[in-house]
Every structure is written in C-alpha cells, then in structure tokens.
Amino acid sequence: MRKFVFWCLCIFLLVGCNHLQRTPETSSNEWEEKINQSPWLITADYFRQKDEKQEKRPLPSLKRQYLKRKILFCCFLPPKSCAEWQTLGIELEATKKVLVVGHKEIDSLLQKFHLQKDDLLEADTRRKIGNLLGLQAFLFLRLGDNKKTEIEIYDGTTGSLLTSLFITPKEQDKIAAQIADYIFTNTTWEGRIAYIEEDKVYLNVGRLSGLKKGDVLSVYAQGREVINPVTGISLGYLGKKKGEVKIISFFGENASVAKILSGKGFKINDIVRLEEER
C-alpha cells in the first residue's frame with residue numbers, strides 16, 4: 001500500500017512539472033498572460049484594493065458624552081472649615097457629570113438682585129436663582145452633628161430638598177463620584193434661551209456642558225408651576241413644546257448659538273432640552 005502511494009505521488013509530480021515547463025513554442029507574452037490569468041496570483045493591486053475597501057468601511061459611532069448637570073456649590077461653614085472642602089468641587093468636576101458654577105458668577109447675580117448668600121437657604125430664592133442660571137442642582141455644606149458636615153442637595157428648578165448626608169472632609173474624595181451620580185440620575189438637563197436674533201437663538205449652555213455642533217434641542221415654554229397640594233412643595237413647571245433649534249456654533253465660556261428649525265413664539269428664558277437625555 002505504501003509503495004502504491006509513493007508511485008502515485010511520483011507520477012503526480014512528474015505530470016505537474018511537465019505541465020508547468022515552458023515550451024520553446026510559447027512566447028514571452030503568452031507566458032506572461034498565462035501567469036496573469038492564474039487564480040493563485042496575488043499582486044500589489046490585491047492589497048491596494050483591500051486597503052481601499054477598509055477605508056470605505058464606516059467607522060464605529062462613538063457614544064456621546066453625558067450632558068453635564070450645572071450645579072451651584074456653596075459653603076455655609078466658617079471660612080477655615082470651608083477651606084477644607086475645596087477639593088470637593090474639583091473632584092465633582094473630575095467625574096465629567098457635573099459643571100460647578102464659579103463663585104464670581106454667583107456673587108455677581110446675588111449682588112444684581114440685592115441678595116445675600118444666606119438668602120439661598122430660602123426655597124423661593126433657590127427657585128429664582130436656579131431658573132436664572134439654568135441650574136440642575138444646589139449643593140450646600142452646613143454644620144452637622146458629631147463633628148460631621150451636612151451636605152444638602154436641592155433641585156435646581158424647584159428648590160426642593162432632594163437628599164442630605166453627613167460626612168467628614170477626609171471622605172470628600174471618596175463621596176464625590178456618588179454625589180455626581182445622584183445629581184445626574186435625579187435631575188433633568190436643560191438650558192435657557194438668553195437672547196433671540198431673527199432666525200437664531202443664543203443659549204446659556206455650550207461646549208463645557210457637553211453640547212456638540214449639530215445637536216437638535218427642543219424648545220419648551222416655562223409654563224405654569226405645579227405645586228403639590230399636600231406638601232406645598234413645587235413639582236416643577238409644565239410647559240408646551242414650541243419647536244426645535246440646532247446648535248451651529250459656540251462662544252464665550254459656555255454658551256452657544258442655535259438656528260431655529262421649526263416653531264415660533266420663542267421667548268427669553270424658554271427652556272431647551274435634548275430629547276435623548278429625557
């Protein structure tokens with residue numbers, strides 16, 4: 001059996017070599033044409049066409065970044081104690097889920113309306129400031145029990161208390177991510193129309209908030225405030241959709257310009273939302 005296989009292999013090799021042998025009658029052009037017609041031939045064109053196909057292949061879509069919640073972080077502790085909490089604001093922004101309003105912007109707004117920082121402890125003032133700045137949340141540091149600081153988180157639209165917790169300054173780097181996640185989960189991102197010019201609107205949210213050129217936002221009237229009849233706490237505002245706008249450019253520290261796509265009757269302080277975030 002082994003001899004049979006051996007002789008079959010020899011015959012196969014002899015026939016194959018004889019078939020491939022170049023005969024004197026075959027011209028150079030004919031021989032080249034046979035090679036080019038071979039199904040086993042791989043040339044540089046093969047790799048070039050393969051690269052072109054790969055270039056035409058669509059790139060995978062990148063998941064958009066979160067739209068950051070705008071929060072007002074305010075310390076009601078003695079100056080020395082407030083200094084111990086400076087890291088918290090930095091740690092919160094490092095999560096890329098919140099955008100902390102600067103102290104200069106807060107002081108300027110309070111001065112404009114003849115308010116003091118302690119006035120923010122009143123729900124009506126929080127609602128007013130929250131709507132003017134387009135805030136999603138307030139975060140206050142206050143004196144707590146057992147040498148711990150109380151962190152209070154309020155809704156930026158209604159001014160109502162969402163939750164509170166007690167921690168020490170040494171725990172702030174560990175708790176920052178949890179606070180950011182809580183604010184992101186329990187608030188709705190929105191911005192405001194700050195100015196209107198012909199077919200464009202200027203918004204108080206921009207690149208820092210996570211918006212991108214081409215984003216389409218829905219515009220809503222602020223509408224009437226809904227109050228819980230049992231608790232007397234504001235539940236938010238109920239307004240009708242007016243139309244849509246598309247982000248076309250950015251300006252300033254965190255503002256944008258949007259082109260009106262549909263709708264009419266837009267007003268300053270109307271609410272804008274990205275429907276994907278709802």
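In this text the structure is predicted, and so the values were computed from the model without any measurement.

Colleague: Honestly, the nonpolar core in this entry has me stumped. Any pointers?
Modeller: Here is a general trend for soluble globular proteins: nonpolar side chains tend to be buried in one another's company. If you look at the biggest cluster of nonpolar residues, it comprises 20 residues, and the most contacted ones within it are Leu88, Leu92, Leu139, Leu141, Ile151, Ile179 and Ile183. Only β1 (69-75), α5 (86-94), β3 (137-143), β4 (149-155) and α8 (172-186) provide two or more residues apiece to this core. Sorting elements by how many residues they give to this core places α8 first, with five residues. Among residues more than four places away in sequence, those in contact with Leu88 are Phe73, Leu139, Leu141, Ile151, Gln172, Ala176 and Ile179. Of all hydrophobic cores here, the second largest spans 16 residues; its members include Trp189, Val205, Leu217 and Val245.

Colleague: Teacher, can you tell me more about the state of the cysteines here?
Modeller: Such a bond, covalent and formed between the sulfur atoms of two cysteines, is termed a disulfide. What the rule picks out here adds up to one disulfide. With no disulfide of its own, Cys74 lies 7.4 Å from the sulfur of Cys75, the closest cysteine sulfur. Judged by its relative accessible area of 5%, Cys74 falls in the buried class.

Colleague: I keep staring at the packing of aromatic side chains and nothing clicks. Help me out?
Modeller: On inspection of all chains with the given rule, the structure shows five aromatic pairs. On the basis of an interplanar angle of 55° and a centroid distance of 5.7 Å, the ring pair of Tyr195 and Tyr202 is categorised as tilted. Taking the relative accessible area as the measure of exposure, Tyr195 reaches 46% and is therefore partly exposed. Ring pairs connect the aromatic residues Phe76, Phe138, Phe140 and Tyr154, which therefore count as one cluster. The cationic tip of Arg69 hangs over the ring face of Phe184; the distance from NZ or CZ to the ring centre is 4.1 Å. The ring of Phe184 is capped by Lys97, whose NZ or CZ atom sits 5.5 Å from the centre of that ring.

Colleague: What is the right way to look at the pattern of salt bridges in this model?
Modeller: Charged atoms that come close allow side chains of opposite charge to pair. Inspection of the entire model under this criterion finds eight salt bridges. Among the salt bridges present, the one from Asp124 reaches Arg127, with a minimum N-O distance of 2.3 Å. A residue pair is termed a helical-turn pair when its members lie 3 or 4 positions apart in one helix, as Asp124 and Arg127 do in helix α7 (residues 123-133) at three residues. With relative accessibility at 17%, the residue Arg127 sits in the buried group. Residue Glu152 is joined to Arg142 by a salt bridge in which the shortest nitrogen-to-oxygen separation is 3.6 Å. Highlighted residues: Glu152 in strand β4 and Arg142 in strand β3, separated in sequence by 10 residues. Within the structure, one salt-bridge network assembled from shared partners comprises Glu190, Arg192 and Arg273.

Colleague: So what exactly am I meant to see when it comes to α7 here?
Modeller: All of the buried residues along α7 are Thr125, Arg126, Arg127, Ile129, Gly130, Asn131 and Leu133. Where α7 terminates, the next one or two residues include Gly134, which has phi positive at roughly 70°.

Colleague: Can you help me understand the sheet that holds β1 in this one?
Modeller: Ordered in space as β2-β1-β3-β4-β5, the five strands form an open sheet in which the pairing is mixed. On the outer flanks of this sheet lie β2 (98-100) and β5 (161-167), each paired with one strand and no other. Looking at each pair of strands side by side, their axes are set apart by 25° on average, direction ignored. With three bridges joining them, β1 and β2 adopt parallel strand pairing. Paired with Ile71 across the two strands is Val100, which belongs to β2. The strands touched by α8 are β1, β2, β3, β4 and β5; relative to β5, the strand with the most contacts, the crossing angle is about 170°.

Colleague: Explain α5 here, please?
Modeller: For an α-helix, 3.6 residues make a turn, and residues three or four places apart therefore share a direction. If you check which residues of α5 are buried, you get Leu88, Gly89 and Leu92. The buried residues of α5 all sit within an arc of 100° when viewed along its axis, so they share a single face. In α5, those exposed residues whose orientation departs by more than 90 degrees from the buried face are Gln86, Ile90 and Ala94. If you follow the buried residues of α5, they end up packed against β1, β2, β3, β4 and α8.

Colleague: Can you help me understand the sheet that holds strand β8 (residues 216-220) in this one?
Modeller: The pairing of strands in a sheet happens through backbone hydrogen bonds and is either parallel or antiparallel. Here six strands make up a closed barrel; going around it, the order is β6-β7-β12-β11-β8-β13 and the pairing antiparallel. Taking each pair of neighbouring strands and ignoring which way they run, the sheet shows an average axis angle of 45°. Taken together, the four bridges between strand β7 (residues 200-203) and strand β12 (residues 255-263) define a ladder with antiparallel strand orientation. Note that in β12 the partner of Leu203 across the bridge is Ser256.

The rules behind each value
- Residues numbered from 1 in each chain as written.
- Predicted model: local features only at pLDDT ≥ 70, side-chain atom pairs only at ≥ 80, totals over all residues.
- Heavy atoms only, no water.
- Core = buried A, V, L, I, M, F, W, Y, C linked by side-chain atoms within 4.5 Å.
- Buried < 20%, exposed > 50% of the residue type's maximum accessible area, 1.4 Å probe, protein only.
- Helix = DSSP H or I, 4+ residues; strand = E, 2+ residues; numbered from the N terminus.
- Contact = heavy atoms within 4.5 Å.
- Disulfide = S-S within 2.5 Å.
- Phe/Tyr/Trp six-rings, centres within 6.5 Å; stacked < 30°, edge-to-face > 60°.
- Lys NZ or Arg CZ within 6 Å of the ring centre and 35° of its normal.
- Salt bridge = Lys/Arg side-chain N within 4 Å of Asp/Glu carboxyl O.
- Pairing = 2+ DSSP bridges.
- Axes fitted to C-alpha atoms, helices over the stretch in contact; angles between N-to-C directions.
- Arc of directions from axis to C-beta.

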